[in-house]
Amino acid sequence: MNAAGDRLQDTARQAALALPGVSHGYPFTPGLDVYKVAGKVFLIVTDDPDEQIITVKCEPELARAREGGYASITPGRYLDKRHWISLGPGRGITERLITDAVEDSYDLVVERLPRRDRPGP
């Protein structure tokens, strides 16, 4: 089942908040709900009803594969287009894909943190 825009965003928010050490807020603009771990961004949810997307960190090779496999996955909207992708509602965008993308993004950020800054289990 495809995830509609509001479900896509709700799924991403729930997946992010289930991870250890996550904080969120609106540090850039009221329209961008930003999720961080140890002060590092791993998820941005766009609070625009006309553009219901999420943006996540992604390994460049996986990012290109995901972009090629899904019409509604594009290079990251707000950040480095090589290391970030944006996901919108569309064919093949499932809740599992969204959750995996959020968790992968979180893991990429955490693995680059010094051990002392990594959240506990």
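Every value quoted in this text rests on a predicted model; they were computed, and no experiment measured them.

Draft legend 1. Quick peek at the overall build of the protein chain. Scanning the protein chain from N- to C-terminus turns up 3 helices and 6 strands. Ordered by position from the N terminus, the helices and strands of the protein chain form the series α-β-β-β-β-α-β-β-α. Here the protein chain has a C-alpha radius of gyration of 13 Å; the compact-globule value for 121 residues is 14 Å, and the two agree. Projected onto its principal axes, the C-alpha coordinates of the protein chain cover approximately 40 × 30 × 25 Å. Long-range pairs, those at least 24 residues apart, make up 52% of the contacts in the protein chain between residues at least 6 apart in sequence. A total accessible area of about 6,400 Å² is found for the protein chain, and carbon and sulfur atoms account for 51% of it. One finds the centroid of the 16 positive side-chain charges in the protein chain at a distance of 6 Å from the centroid of its 18 negative side-chain charges.

What counts and what doesn't
- Residues numbered from 1 in each chain as written.
- Predicted model: local features only at pLDDT ≥ 70, side-chain atom pairs only at ≥ 80, totals over all residues.
- Heavy atoms only, no water.
- Helix = DSSP H or I, 4+ residues; strand = E, 2+ residues; numbered from the N terminus.
- Rg over C-alpha atoms; globule rule 2.2 N^0.38 Å.
- Contact = heavy atoms within 4.5 Å.
- Areas by Shrake-Rupley, 256 points an atom, 1.4 Å probe, with all protein chains shown as cover.
- Lys, Arg positive; Asp, Glu negative; His and termini not counted.
- Charge placed at Lys NZ, Arg CZ, Asp CG, Glu CD.

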